[in-house]
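Residue-level structure breakdown
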Amino acid sequence: MGGDGKVYTLSEVSEHNNAKDCWLVISGKVYNVTKFLEDHPGGDEVLLSATGKDATDDFEDVGHSSSARAMMDEFYVGDIDTETIPSNTKYTPPKQPHYNQDKTSEFIVKLLQFLVPLIILGVALGIRFYTKSA
Ligand code: HEM
């Protein structure tokens, strides 16, 4: 146990991102799992790849057992300043092209598609007419 309840920022925790020094952020708490890397049943690589961010979702997605959760106390070193975690909770939908928003330009395009051939035809006939009579 080394938990002194210190509050860390995400960038502080992010410095501990290697096999010799590995900290994780799970559910608002900071864990130093350096000694656990070799023993983790899921392997050290997943733990290393979960550094430098909020690993709560990664941890929960695995569905860790209650005994796994009980082990975590051992590695607890403090809490994360949640303000420093970029929040992805707000879902911003990708920008949709807005169809049907403003039909004016669409209408003009349709109108031109109709008129331009007629104009060309008219000009052609006009030229023909005038060249003939000349
Ligand atoms: C202090 C943090 C962690 C502890 C104490 C821990 C502990 C354990 C334990 C005891 C198991 C065996 C299965 C079980 O009891 O549920 C396990 C499995 C596993 N863990 Fe973790 N874990 C931690 C963090 C993580 C994180 C952050 C990830 C993902 C990035 C992860 C990924 C996995 C995977 C993929 C398995 C499944 C291995 C398998 O079934 O082959 N663990 N973990």
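Note that the structure is predicted; figures quoted are calculated from it, not measured. (Residues numbered from 1 in each chain as written. Predicted model: local features only at pLDDT ≥ 70, side-chain atom pairs only at ≥ 80, totals over all residues.)

Some words on the UniProt feature "domain: Cytochrome b5 heme-binding" (unreviewed entry) in the protein
- Per the UniProt annotation, the sites labelled "domain: Cytochrome b5 heme-binding" (unreviewed entry) are residues 5-81.
- As annotated, residues 5-81 comprises 31% helix and 26% strand, and the C-alpha atoms at either end are separated by 11 Å. (UniProt positions renumbered as here; feature names shortened; annotations may be inferred. Helix = DSSP H or I, 4+ residues; strand = E, 2+ residues; numbered from the N terminus.)

Observations concerning the nonpolar core
- Of all hydrophobic cores here, the largest spans 17 residues; its most connected members are Leu24, Val25, Val30 and Tyr31.
- Looking at this core, the elements with two or more residues in it are β3 (21-26), β4 (29-32) and β5 (76-80).
- For this core, the element with the most residues is β3, which contributes five residues.
- The contacts of Leu24, once residues within four sequence positions are left out, are Tyr31, Val33, Leu47, Ala50, Thr51 and Ala55. (Core = buried A, V, L, I, M, F, W, Y, C linked by C-beta atoms within 7 Å. Buried ≥ 20, exposed ≤ 12 C-beta atoms within 10 Å, placed from the backbone. Contact = placed C-beta atoms within 7 Å.)

Observations regarding the sheet that holds β5
- Judged by pairing direction, the sheet is mixed, and its five strands sit side by side in the order β1-β5-β4-β3-β2 without closing on themselves. The strands lining the two open edges of the sheet, one partner per strand, are β1 (6-8) and β2 (17-18).
- With three bridges connecting them, β1 and β5 associate as parallel partners. Counterpart to Lys6 in the pairing with β5 is Gly78. (Pairing = 2+ DSSP bridges.)

A word on the environment of Ile120
- Locating Ile120 in the fold gives a position in helix α5 (residues 104-133).
- Note on Ile120: 10 C-beta atoms within 10 Å, which makes it exposed.
- Residues Ile120 and His64, spaced 56 residues apart in sequence, show a C-alpha to C-alpha distance of 73 Å.

Considerations on the environment of Met72
- In this fold, Met72 is placed in the loop between α4 (66-71) and β5.
- Put simply, Met72 and Lys29 are 43 residues apart on the chain and 9.8 Å apart in space, counted from C-alpha to C-alpha.

Observations concerning the site of the ligand
- In the region of the ligand, 21 residues are neighbours, and Pro41, Gly42, Asp58, Ser65 and Ala68 sit closest.
- Looking at the shell around the ligand, the elements with two or more residues in it are β3, α2 (44-49), α3 (56-62) and α4.
- For the shell around the ligand, the residue count by class is 15 nonpolar, five polar and one charged. (Near = placed C-beta within 6 Å. Nonpolar A, V, L, I, M, F, W, Y, C, P; charged D, E, K, R; others polar.)

Quick word on the pairing of β5
- With three bridges joining them, β4 and β5 adopt antiparallel strand pairing. Bridge pairing in β5 places Lys29 opposite Asp79.

Some remarks on the UniProt feature "transmembrane region" (unreviewed entry) in the protein
- Those places that UniProt annotates as "transmembrane region" (unreviewed entry) correspond, in this numbering, to residues 111-131.
- From the first C-alpha to the last, residues 111-131 spans 30 Å; its make-up is 100% helix and 0% strand.

Quick look at unusual backbone geometry
- We note that Ser27 has phi near 50°; this positive angle belongs to a residue other than glycine.
- Here Ser27 shows up in the loop between β3 and β4.
- Among the residues examined, Ser27 registers 14 C-beta atoms within 10 Å and is labelled partly exposed.

Regarding the confidence of the model for the protein
- When pLDDT is averaged along the protein, the result is 90, and 90% of the positions lie at 70 or above.
- Two summary scores accompany this predicted model of the complex, namely pTM at 0.71 and ipTM at 0.95. (pLDDT = per-residue confidence, 0-100.)

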